[in-house]
Amino acid sequence: MVLAAVATVVWSGSFVTSRALHDSVPPVQQAFWRWIIALVVVAPFAAREAWRRRAVLHRHLRHLLLASLLGVTVYNTLVNQAGVSTSAGNMGMIMAASPVLMAVYERVGGVRLGARRVTGMLVACVGVLLLIGKGSATPHFAPGDLWMLAAATSFASYSALLRRRPAELTGPVFLFATFALGTAMLLPAYAVSVTVQGGFAATPATVGPLLYVGVFSSALAFFAWNKAISLVGAARAGAVYHLQPVCVAALSFAVLGEPVSRTQVVCMALILGGVVLGTASKDR
């Protein structure tokens, strides 16, 4: 559970950086350079082993392509697109709904979730719904919120797929392969973005956030999350993911000046309470 918490906290910063870069770096270009940086970080630890195990990678290419598409190419591009028209706080709140889909995938796969975990998940979801609805039970979606719903679905599908990762695909090799394939699939969209929207200025205000998401939110966080999924499953790790709105709200207030209301504080308490229930090791 510690690994899932580390990934969640680090990923919270990526929503803030996406929002901070929304008017200076186009979404697809954010995603592309994020994964280029991540590849450079992971390559010294995995590139040689990936080459030696290329026959294994080829044998499981279909699984790798799907994981790369969902977790690398699509998910982060959607997050960056959402940052153009919604707040970092809302991005974190909506992403907290993805563990519900993770739990559904596991239940369909025959995993018993347990009464306590289901109750915790529902309590946390109530908190998320009230946050989005600004204290009411009726959500108020901006266009960016809909992009985030699509991102949440993509990430939940990726997390469910990790549970079925072939044992031959070890952690670092799997990361390197998915990062490389996902970046390659982004290349055509990146070329179109540069042609239509132009590039961006490489300044400390743009390079710094890209280094953060490349090194920490990609290489470090994805390794921690993938390991957590292999140890405890998507549903239990996903319960910790409900902490993300709390982390994002705190960071967006500190970095971007986005206000935190009394309603948000109350709803965050619900989310935290749901996480405590959802991550319990035993059901009663």
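Everything numeric here is computed off the predicted structure, so don't read it as measured data.

*Asks:* Would you mind showing me how to read helix H4 (residues 61-82) here?
*Replies:* Because an α-helix completes one turn every 3.6 residues, residues spaced three or four positions apart along the sequence face the same direction. Taking 1.5 Å as the rise per residue, H4 with 22 residues should run 32 Å; its terminal C-alpha atoms sit 30 Å apart, in good agreement. The largest bend along H4 reaches roughly 40° and is located at Leu69.

*Asks:* Looking at this structure, I do not really get the packing of helix H5 (residues 88-95) against helix H12 (residues 244-256). What am I missing?
*Replies:* Packed helices, taken two at a time, are described by their axes: the angle between them and the distance between them. Running from N to C, H5 and H12 cross one another at 170°; their axes reach a closest spacing of 8 Å. The orientation of H5 with respect to H12, classified from their angle, is roughly antiparallel. Contacts from Ala88, Gly89, Gly92, Met93 and Met95 of H5 reach H12 at Gln244, Pro245, Val248, Ser252 and Leu256.

*Asks:* What should I look at first to understand the nonpolar core in this one?
*Replies:* Where a protein is soluble and globular, its nonpolar side chains tend to be buried together. Membership of the largest hydrophobic core comes to 55 residues, with the highest contact counts inside it found for Phe15, Met95, Met148, Phe155, Tyr158, Phe179 and Trp225. Residue assignment for this core shows that the elements contributing at least two residues are helix H1 (2-20), helix H2 (27-52), helix H3 (54-59), H4, H5, helix H8 (143-162), helix H9 (171-197) and helix H10 (204-232). Ranked by residues supplied to this core, first place goes to H2 with 9 residues.

*Asks:* Mind showing me how you'd approach the pattern of salt bridges here?
*Replies:* Opposite charge on two side chains makes pairing possible when the charged atoms of those side chains draw close. Summed over all chains, the structure comprises 2 salt bridges. Of the charged contacts, one joins Arg52 and Glu49 as a salt bridge, the two residues approaching to 2.6 Å between their closest N and O atoms. Taken together, the residues span about one helical turn, with Arg52 and Glu49 both in helix H2 at a distance of 3 residues. For Glu49, a relative accessible area of 26% corresponds to the partly exposed category. The partner of Arg59 in a salt bridge is Glu168, with the nearest N and O atoms 2.8 Å apart. Taken together, the residues span a long stretch of sequence, with Arg59 in helix H3 and Glu168 in the loop between H8 and H9 at a distance of 109 residues. Look at Glu168 and you get partly exposed, because its relative accessible area is 33%.

*Asks:* Can you help me understand the environment of Ser18 in this one?
*Replies:* Relative to the assigned elements, Ser18 resides in helix H1. Judged by relative accessible area, Ser18 falls into the buried class, the value being 2%. The sequence separation of Ser18 and Ala31 amounts to 13 residues, and the corresponding C-alpha distance is 9.5 Å. Setting aside its immediate chain neighbours within four residues, Ser18 contacts Gln30, Val79, Asn80 and Met91.

Rules behind the numbers
- Residues numbered from 1 in each chain as written.
- Predicted model: local features only at pLDDT ≥ 70, side-chain atom pairs only at ≥ 80, totals over all residues.
- Heavy atoms only, no water.
- Helix = DSSP H or I, 4+ residues; strand = E, 2+ residues; numbered from the N terminus.
- Expected span 1.5 Å × (residues − 1).
- Bend = angle between axes of the 7 residues up to and from the residue.
- Axes fitted to C-alpha atoms, helices over the stretch in contact; angles between N-to-C directions.
- Parallel < 35°, antiparallel > 145°, perpendicular 65-115°, else oblique.
- Contact = heavy atoms within 4.5 Å.
- Core = buried A, V, L, I, M, F, W, Y, C linked by side-chain atoms within 4.5 Å.
- Buried < 20%, exposed > 50% of the residue type's maximum accessible area, 1.4 Å probe, protein only.
- Salt bridge = Lys/Arg side-chain N within 4 Å of Asp/Glu carboxyl O.

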